[in-house]
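# Coordinate inspection notes
So the chains spell out like this:
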Amino acid sequence: MMPELQRMDWMPSPPLAPIDNPLDLDHLSRMTLGDAELEQEVLAMFAEQAVRLIAAMTALPAETGALAHKLKGSARGIGAFAVADAAASLETAARIGHNQPRAFAVLKEAVAEARAAIAAILKH
């Protein structure tokens, strides 16, 4: 007797090739089902959250790994894959205790670029 096969919904994946924009707007559109108002709301929330998390990492260095993990998930959700990658690197650096200042600097730069792109989008 064969098990019944069920169709699974397709889940978008990050691009295989790097993108020039700090935000993958196609990914964002898929995640928000093309709702432009929701896209703007999510981008504004991410920009604020990123600032708070970076500040918290500075104030609470022992929590850096957990905070980086949180930022990584949020960044992936909106298509800020450079931020997600940098947060993942910082999370690893915090866990193994190696090269954390460099990883944190890379993350801050990625967040700054993403926030600049978000600001440009929200002005339109």
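The structure contained in this document is the topic of the report that follows. Please read all numbers here as calculations on a predicted model, not as lab measurements.

## Some remarks on the overall build of the protein chain
Helix and strand counts for the protein chain come out as five helices and zero strands. Taken from N to C terminus, the helices and strands of the protein chain fall in the order α-α-α-α-α. Contacts in the protein chain between residues at least 24 apart in sequence constitute 58% of all its contacts with a sequence separation of at least 6.

## Things to note about the environment of K72
Structurally, K72 can be placed in helix α3 (residues 64-78). By relative accessible area, which is 13% here, K72 ends up buried. A C-alpha to C-alpha distance of 8.0 Å links K72 and A86, two positions 14 residues apart in sequence. When residues no more than four places from it in sequence are discounted, the contact partners of K72 are A84, A87, A88 and E91.

## Some points on the pattern of salt bridges
Inspection of every chain in the model, using the stated rule, returns one salt bridge. Of the charged contacts, one joins K72 and E91 as a salt bridge, the two residues approaching to 2.8 Å between their closest N and O atoms. Highlighted residues: K72 in helix α3 and E91 in helix α4 (residues 81-96), separated in sequence by 19 residues. Judged by its relative accessible area of 16%, E91 is buried.

## Let's talk about the environment of E48
Summarising the element assignment, E48 is placed in helix α2 (residues 36-59). The class of E48 is exposed, set by a relative accessible area of 51%. Spatially, the C-alpha atom of E48 lies 8.9 Å from that of R115, the residues being 67 residues apart in sequence.

## Notes on the side chain of T32
As for its position among the elements, T32 is in the loop between α1 (25-31) and α2. Apart from residues lying up to four places away in sequence, T32 is in contact with L38, E39 and V42.

Conventions we followed
- Residues numbered from 1 in each chain as written.
- Predicted model: local features only at pLDDT ≥ 70, side-chain atom pairs only at ≥ 80, totals over all residues.
- Heavy atoms only, no water.
- Helix = DSSP H or I, 4+ residues; strand = E, 2+ residues; numbered from the N terminus.
- Contact = heavy atoms within 4.5 Å.
- Buried < 20%, exposed > 50% of the residue type's maximum accessible area, 1.4 Å probe, protein only.
- Salt bridge = Lys/Arg side-chain N within 4 Å of Asp/Glu carboxyl O.

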